[in-house]
Amino acid sequence: MLGPPGAGKGTQATLIAENLKIPQISSGDLFRDHQDRDTELGRLARSYMKDGVLVPDKVTITMVMDWIEQNTGVGGFLLDGFPRTIAQAKALDQALADSGGIDLAIYVNVPETELVHRLSGRLVCSKCKTQYHTDFAPPSEPCICDKCITELNQRDDDKPEAIKKRFQVYQEETAPLIDYYQVLGRLREVNGVGSIEKIGERMLKALH
Ligand code: AMP
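Residues numbered from 1 in each chain as written. Predicted model: local features only at pLDDT ≥ 70, side-chain atom pairs only at ≥ 80, totals over all residues. Heavy atoms only, no water.

Points about the sheet that holds strand S4 (residues 122-125)
This is how it is decided: We call two strands paired when DSSP finds no fewer than two bridges between them. Helix and strand definitions follow DSSP, with helices as H or I runs of at least four residues and strands as E runs of at least two, each counted in order from the N terminus.
Spatial strand order, S5-S4-S6: 3 strands in an open sheet with antiparallel pairing. Either end of the sheet is taken by a strand with one partner, and the two such strands are strand S5 (131-133) and strand S6 (152-153). The pairing of S4 with S6 spans 2 bridges and is classified as antiparallel. Across the sheet, residue Val124 finds its bridge partner in S6, namely Asn153.

Structure follows, in structure tokens:
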């Protein structure tokens, strides 16, 4: 799943993985899990993530390749937010060379004004990680999780300065992957504006 921050990659990745019955992983979630467990990798990643910049390739590639190794032999998998640089894409190609590389890169296209609105209103439960949005999916009680009655927080990297930086990083480092997969004939573009269900239908159509 390829696309700018706030495109809805995570939401759609979960739905597709359920539909296709394959495991999925978000590199951002892997980093956040390391942070919650306060591992060395988590502490390293935090310093990059809070500013909205990418964690260095070497660390990221090793972490995702470990996950892939543990999840092979299950009829496929879905990656959300990885690769995010050409170096990561090449490492992935190399790792999957024996099985012909990835099948498809789905590029979720959403205009920047919509992305800023989505990201700046996003709230996450600090305990169960359920996501809300101040306008699109507000909790019943302001800033309290409906499921586990825990306080909701804004991610550090959803704060205005970090959002600006994440867009810049996306344009410079990740957007070139659109051409990369286009040239390989593996790219499918999906319009990421509309209801979750509608976008989900477009995704599945693109995949099939
Ligand atoms: P995400 O949850 O996908 O928005 O990712 C949050 C942050 O995690 C990003 O802004 C980066 O700092 C870091 N991150 C996630 N995936 C990658 C990746 N593939 N390469 C480098 N940094 C990443």
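Structure shown, so let's carry the discussion forward.
Focus on the site of the ligand
The line we're drawing: Only a single heavy atom is needed: when it lies within 4 Å of a molecule or strand, its residue is near that molecule or strand. In protein, a polar contact means a hydrogen-donor-capable atom and an acceptor-capable atom, both N or O and within 3.5 Å, with residues adjacent in sequence counting only if both atoms are side-chain atoms; elsewhere, any N or O pair within 3.5 Å suffices. All accessible areas in this document rest on Shrake-Rupley with a 1.4 Å probe, and a residue is counted as covered only by the protein chains that are shown. Side-chain classes are defined by residue name, with Ala, Val, Leu, Ile, Met, Phe, Trp, Tyr, Cys and Pro counting as nonpolar, Asp, Glu, Lys and Arg as charged, and the others, Gly among them, as polar.
The immediate surroundings of the ligand are formed by 16 residues, with Ser27, Arg32, Val53, Gly81 and Gln88 found nearest. Separating an oxygen atom of the ligand from a backbone N or O atom of Val53 is a distance of 2.6 Å. Residue Gln88 places a side-chain N or O atom 2.9 Å away from a nitrogen atom belonging to the ligand. Here the ligand loses 95% of its free accessible area of 490 Å² to cover by the protein chains. Counting residues per element, the shell around the ligand draws most heavily on helix H2 (residues 27-36), at 4 residues. Of the residues that constitute the shell around the ligand, the class distribution is 6 nonpolar, 5 polar and 5 charged.

Quick word on the nonpolar core
Condition: By convention a nonpolar core is built from buried Ala, Val, Leu, Ile, Met, Phe, Trp, Tyr and Cys residues, the set being connected through side-chain atoms within 4.5 Å. Relative accessible area decides the class of each residue, using a 1.4 Å probe on protein chains only: under 20% of the type maximum gives buried, over 50% gives exposed, and in between gives partly exposed. By the convention used here, residues are in contact when the closest approach between their heavy atoms is within 4.5 Å.
One finds Leu79, Leu92 and Tyr181 to be the most contacted residues of the largest nonpolar core, which totals 30 residues. Of all elements in the fold, only H2, helix H3 (40-49), helix H4 (57-70), helix H5 (86-95), strand S3 (105-109) and helix H8 (176-183) reach the threshold of two or more residues within this core. Residue contributions to this core peak at 6 residues, all from H4. Excluding residues within four positions of it along the chain, Leu79 makes contact with Met1, Ile25, Val64, Trp67, Ile68 and Leu92. Counting residues in each nonpolar core, the second largest holds 17 residues, with Met1, Ala7, Ile106 and Leu115 among its members.

Digging into H2
For clarity, the cut-off: In this context, the arc is that of the directions from the helix axis out to the C-beta atoms.
Among all positions in H2, only Ser27, Gly28, Leu30, Phe31, His34 and Gln35 are buried. Buried positions in H2, seen along its axis, are confined to an arc of 160° and lie on one side of it. The inward-facing, buried residues of H2 abut strand S1 (24-26), H3, H4 and strand S2 (78-80). One side-chain oxygen at the N-terminal end of H2 lies 3.3 Å from the backbone nitrogen of Gly28; it belongs to Ser26. Positioned one or two residues after H2, Asp38 has a phi angle of 55°, which is positive.

Here we look at the packing of aromatic side chains
Rule in force here: Two aromatic rings, drawn from Phe, Tyr or Trp (for Trp, its six-membered ring), form a pair once their centres lie within 6.5 Å of each other, and the interplanar angle then sorts them: stacked below 30 degrees, edge-to-face above 60, tilted otherwise.
Going through the model one piece at a time under the given rule, you end up with 2 aromatic pairs. Look at Trp67 and Phe77: their rings are 5.9 Å apart centre to centre, the planes differ by 85°, and that puts the pair in the edge-to-face class. Within this pair, whereas Trp67 is found in helix H4, its partner Phe77 is found in the loop between H4 and S2, the two being separated by 10 residues in sequence. Owing to a relative accessible area of 11%, Trp67 belongs among the buried residues under this scheme. Plain terms: the ring middles of Tyr180 and Tyr181 are 5.1 Å apart, the flat faces sit at 90° to each other, and that makes the pair edge-to-face. Exposure class is identical for Tyr180 and Tyr181. Each is buried.

Some words on unusual backbone geometry
Most peptide bonds take the trans configuration, and most residues that are not glycine carry a negative phi. Omega for the bond connecting Phe82 with Pro83 falls within 30 degrees of zero, at 0°, which places this linkage in the cis form. For Pro83, the position within the fold is in the loop between S2 and H5. We note that Asp38 has phi near 55°; this positive angle belongs to a residue other than glycine. On the secondary structure map, Asp38 appears in the loop between H2 and H3. For Cys143, which is not a glycine, the phi torsion comes out positive at approximately 65°.

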